[in-house]
Amino acid sequence: MASSPVSLMILILIVSVLCVAECKYMVYNTSQGVVPGKLNVHMVPHSHDDVGWLKTIDQYYVGSNNSLQGACIQNVLDSLIPALLADKSRKFIYAEMAFFQRWWRDQSEAMQNVVRTLVSSGQLEMINGGMCMHDEAATHYIDMIDQTTLGHRFIKEEFNVTPRIGWQIDPFGHSAVQAYLLGAEVGFDSLFFARIDYQDRAKRKGDKSLEVIWRGSKSFGSSAQIFSGTFPENYEPPSTFYFEVNDDSPIVQDNVDLFDYNVQERVNDFVAAALSQANITRSNHIMWTMGTDFKYQYAHTWFRNMDKLIHYVNQDGRVNALYSTPSLYTDAKYALNESWPLKTDDYFPYADRVNAYWTGYFTSRPALKGYVRMMSGYYLAARQLEFFRGRITGRTTDSLADALAIVQHHDAVTGTEKQHVANDYAKRLSIGYKEAEEVVAASLGCMTQSSPSSECKNPVPKFTQCPLLNISYCPPTEIDLSLGKKLVVVVYNSLGWTRTDVVRIPVINENITVQDSAGKVIVSQLLPIVNATLAVRKYYASAYTGESPSVSLKYWLAFEAVVPPLGFSTYTISSGKISGKQTSYASDGSQNETIEIGPGNLKLIYSGNEGKLIQYVNNRNLVKVSLEQSYSYYAGVDFDSDQATGAYIFRPNGTSFPIQSEKTQLTVLRGPLFDEVHQRFSSWIYQITRVYKEKEHVEVEFTVGPIPIVDGVGKEVVAQITTMLQNNKTFYTDSNGRDFLERIRDYRADWNLQVNQPVAGNYYPINLGIYMKDKTTELSILVDRSVGGSSIVDGQVEIMLHRRLIYDDGRGVDEALNETVCVLDKCTGLTVQGKYFIRFDPLGEGSKWRRSFGQEIYSPFVLAFSEQDDNWTNFQVSSFYGMDPSYTLPHNVAIITLQELEDGSVLLRFAHLYEVGEDKDFSVLATVELKRVFSRKKIIKVREMSLSANQEREEMERKRLVWKVEGLDGKEDNVLRGRPVDPVKLLVELAPMEIRTFVINFN
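Note that this is a predicted model, so its numbers are computed, not measured.

**Some details on the packing of aromatic side chains**
This model, assessed by the stated rule, comprises 58 aromatic pairs. On the numbers, 5.6 Å between centres and 50 degrees between planes, the contact of Phe-100 with Trp-103 is tilted. In this pair, Phe-100 and Trp-103 are both assigned in helix 4 (residues 97-105), 3 residues apart and thus about one turn of the helix distant. Taken as a pair, Phe-100 and Trp-103 share a single burial class, namely buried. Ring geometry for Phe-348 against Phe-362: centres 6.1 Å apart, planes inclined by 80 degrees, an arrangement best described as edge-to-face. Pair noted here: Phe-348 is in the loop between strand 11 (342-343) and strand 12 (351-353) and Phe-362 is in the loop between strand 13 (356-357) and helix 12 (366-389), with a separation of 14 residues, a long-range link. Across the pair, exposure class does not vary: Phe-348 and Phe-362 are buried alike. Across the ring face of Phe-241, the terminal group of Arg-266 is positioned such that the distance to the ring centre comes to 4.4 Å. When the ring centre of Phe-220 is taken as reference, the NZ or CZ atom of Arg-977 above it lies at 4.0 Å.

Structural data, given as structure tokens:
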């Protein structure tokens, strides 16, 4: 029969009494708390458990594939619980809920109750609390919120606690959004991390500013500040205090009858290390992070030695040692009532030593980054459709939620994992997508046959979707319509305002027509599919599906869809005469005239004899600028240098090398909806540039790869946009798709930068876009996934699109970033296809496009297809309005979460899209009418929650610690926030950059 925890404690007590006279059993005094007037060393036991890196998440959990790394999370958690039960003074913190949730589900009810007791007593503290420790450079703020919410709600449900501390100890640089949004706005009292630039760290050690008050938001100022601490070196213990079974630090040997007795030596080492850290830390409290990657697999070895250290160090009396947590450490710092240095902006880019800027991972594995972003937007829409139909047990979006949460990990979406682990992340996303796809199809099936309020179990018609549309592979649309068949396309808009956009799908027939839901023929456009597209389609469809496409594809069909907010419209494609005319034109480089592109206000001018873009003209706002667009590559430094370029590190061997030849043949396709320019820059770079009649930006679709490395040189490919703008070294990049931060080339606000990498050291992460401006004009570039970018010379912006390298950079992954794709026995380097978007505006007017079109990039239309015959094409519901048909959200507000929870309540988030002072029209208070958003339902209760929805907002604000900042004399910013929601009027106010989270109950 298994012993209970109480029996175990009684047995220990009996043994300790018997041993007083008969043996040398030692009871260590570990109960010491904070001692005023002494240097207090807060020893924080922890294990940093990567949710995938060298091994997959499941391999790490069960402890398999140990030839790569000896790590087993089951062992960590299994050995931890009895170690904590052995001494109530012992403490431990745990961060990664993806692992803890796996372990928790395997435990008996009795063990779960024991763990609940440890959590409620504070011995075991859930810290950070997301499913993973997400990255802060390559992640979008919506994904960061979602994965944190998933973990926090699990903790709340199982333990009824809310994590207090942000613990981002391993991400490679730190974002402003992490500080104010995923820190202060989720209710954290402090935020701790390890990785900041080595020059910044040295300066902060010198002036004791490793711990600061971080105000990451210009809009929120002090109302969203957070106490933040950088560790002196890393998130590990001082150098000789590692106590895993196989670690080589000296243990504390305190048995005088045995050789190697070393108590005083170990105490002296402890005191010396403590005093050294105290010399660079303000106040008489320092934190020791007692653990590192995948430690405590045999927890007793750590706690045995820490017990001894606490006992003997406190007997020595020079310093005070105690078991602690970051929460207790934060409380001790707060109790001092001192003022702290102020930090604004962020901690990018990060270099850990000379010539070692961790800016390559901003782009590493661009296909995975694109897949993550695509799935993120799809998940947002799928949850909305799940809500409209009603959540059904057994068929939910939960699997996609889990997969997206895990891939936000700082060795996942970053592209810094081994290849087999990247494959595992992609596989999980694919499985999650397939389940969510069923939810979307069933929801649309129900919504097209009846009103959302009526019950629907077996929807008709059946809808299919096209996840491989990016490689021009879409079997539902590749049907022969000349035989009398019709194709119905349902177009869903997940945005909160009416949207007009062009839909493009591959077809095989030439004579086809498109009708809207009223039966009216609408303008459409047919374009030939070029050989470059067909080659990608054939190779990658074979790689994904295991067989080559059987249909001979010929055309792209394009038509303009107008879709209501949170709603859908239907379009029918059938045999008939195309309603729009198109012409084509090819230049072989011999013409001297210029070529004008664009059917609307926006015109692009190309040189006829060189085939190059030379000018951008907007006839509406009268912007006329010189513009060049080109491709180059950086040659990576090899392993013979002190630092090679790799998955993490960007270390170019000098300046970039142009790829474009002197003359580029271009092909122009003109039509009523848009014009296209096709250019081949090299044998492995193909580009399509589109200018739409009804839009005033340039869409650039690139196909890059396979990058050649037969010359033994790794290459990092960039697109460069060159203008005459005088931006004076200054440009702006987004923080996780949210705030824009000013960047100045070769400059850091917090220290005097010693420039050793003039390119890599000026790269920043981009999730939404990058822009620059001069006295009259703004240039904005938006992206469809996370990339790295910069302005290396005035007037020019560059973004890195793809990387293929042949050496490892020595940061632990031990594998070159050389992605390949294999079909049968043939393997080639990865080809990446994606888009970026270019627009010029008069000074001060660019933010409207960046914010509104940025939402459209993140949330593209969701397309679903149903093949019909002549007898039945009319749905009972051919268009759907999720809100009051006469209502739309304000154009400065986005709905970023609409999700039915398991208990039937609804999680709802609105986000204001503009910063304070960003736009004269839209940087203002906005109001959302909940009654009109949910016009079909009766709201009976609205609770405003913290960002991660694990506590009520009012409670979170009541507990918030108010820190003092040096030099500000207690002055608070006059910050604008939306007022509480009136339970009768149900109006939600949003101030600039405000995100408000609600849980709503309906009748």
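After presenting the structure, the write-up continues.
**Observations concerning the pairing of strand 33 (residues 739-744)**
Sheet analysis places strand 32 (residues 730-735) next to strand 33, joined by 6 bridges and oriented antiparallel. In the strand pairing of strand 33, Ser-735 is matched with Asp-739. Where strand 32 hands over to strand 33, the hairpin turn is made up of 3 residues, of which Asn-736 adopts a positive phi near 55 degrees.

**Some points on the sheet that holds strand 17 (residues 524-528)**
Taken together, the 3 strands give an open sheet; going across it, the order is 15-18-17, and neighbouring strands pair in antiparallel fashion. Whereas interior strands pair on both sides, the edge strands pair on one side only; in this sheet they are strand 15 (499-507) and strand 17. For this sheet, the mean inter-axis angle between neighbouring strands, taken without regard to orientation, is 25 degrees. Bridging between strand 15 and strand 18 (residues 555-563) involves 9 bridges; their strand directions are antiparallel. Residue Asp-501 lies in a different strand from strand 18, and its bridge partner there is Ala-561.

**A closer look at the state of the cysteines**
Inspection of every chain in the model, using the stated rule, returns 2 disulfides. With its sulfur 1.9 Å from that of its partner, Cys-466 forms a disulfide with Cys-474. Between Cys-466 and Cys-474 the disulfide shows an S-S torsion of about 65 degrees. By sign, it is right-handed. Across the pair, exposure class does not vary: Cys-466 and Cys-474 are buried alike. Of all cysteine sulfurs in the structure, the one in Cys-132 sits closest to Cys-72, which takes part in no disulfide; the separation is 20 Å. The exposure class assigned to Cys-132 is buried, which follows from its relative accessible area of 1%.

**Here we look at the environment of Leu-487**
Examined against the element boundaries, Leu-487 turns out to sit in strand 14 (residues 486-493). Leu-487 sits in the buried class, given a relative accessible area of 1%. Each C-alpha atom, one on Leu-487 and one on Ile-573, is 5.0 Å from the other, the two residues being 86 residues apart in sequence. When near neighbours in sequence (up to four residues on either side) are disregarded, Leu-487 contacts Pro-476, Thr-477, Ile-479, Leu-481, Ile-505, Tyr-571, Thr-572, Ile-573, Phe-865 and Ser-866.

**Quick word on the pairing of strand 22 (residues 602-607)**
Counting buried positions along strand 22 gives 6 out of 6 residues, so the element sits mostly inside the fold. Counting the residues that bridge the hairpin from strand 21 (residues 594-597) to strand 22 gives 4 residues, and of these Gly-598 lies at a positive phi of roughly 125 degrees. Looking at chain direction, strand 22 and strand 23 (residues 613-618) are connected through 5 bridges and run antiparallel. Bridging from a neighbouring strand, Leu-602 pairs with Asn-618 of strand 23. The hairpin turn running from strand 22 into strand 23, its antiparallel successor, is 5 residues long, and Gly-611 in that turn takes a positive phi close to 70 degrees.

**Topic: the packing of helix 6 (residues 141-159) against helix 12**
Remark: helix 6 packs on helix 12, axes separated minimally by 10 Å, with the N-to-C direction vectors making an angle of 65 degrees. The chirality of how helix 6 crosses helix 12 is left-handed. Seen from helix 6, the contacting residues are Ile-142, Asp-143 and Asp-146; seen from helix 12, they are Val-372, Ser-376, Tyr-379, Leu-380 and Arg-383. Partitioning the contact of helix 6 with helix 12 into residue classes produces 4 nonpolar, 1 polar and 3 charged.

**Regarding the sheet that holds strand 34 (residues 764-766)**
With respect to topology, 6 strands assemble into an open sheet ordered 26-25-31-38-37-34, the strand pairing being antiparallel. For this open sheet the edge positions go to strand 26 (657-658) and strand 34, each flanked by a neighbour on one side alone. Where strand 37 (residues 787-790) lies against strand 38 (residues 796-804), 3 bridges are found, and the strand directions are antiparallel. Residue Ser-790 lies in a different strand from strand 38, and its bridge partner there is Glu-798.

**Description of the nonpolar core**
One finds Phe-100, Tyr-631, Tyr-836 and Phe-910 to be the most contacted residues of the largest nonpolar core, which totals 192 residues. Among the nonpolar cores identified, the runner-up in size contains 33 residues, and Tyr-141, Tyr-180, Ile-226 and Leu-913 belong to it.

About the criteria used
- Residues numbered from 1 in each chain as written.
- Predicted model: local features only at pLDDT ≥ 70, side-chain atom pairs only at ≥ 80, totals over all residues.
- Heavy atoms only, no water.
- Phe/Tyr/Trp six-rings, centres within 6.5 Å; stacked < 30°, edge-to-face > 60°.
- Helix = DSSP H or I, 4+ residues; strand = E, 2+ residues; numbered from the N terminus.
- Buried < 20%, exposed > 50% of the residue type's maximum accessible area, 1.4 Å probe, protein only.
- Lys NZ or Arg CZ within 6 Å of the ring centre and 35° of its normal.
- Pairing = 2+ DSSP bridges.
- Axes fitted to C-alpha atoms, helices over the stretch in contact; angles between N-to-C directions.
- Disulfide = S-S within 2.5 Å.
- Contact = heavy atoms within 4.5 Å.
- Left-handed = near helix turned anticlockwise from the far one by under 90°.
- Nonpolar A, V, L, I, M, F, W, Y, C, P; charged D, E, K, R; others polar.
- Core = buried A, V, L, I, M, F, W, Y, C linked by side-chain atoms within 4.5 Å.

Honestly, it's all geometry; don't read function into it.
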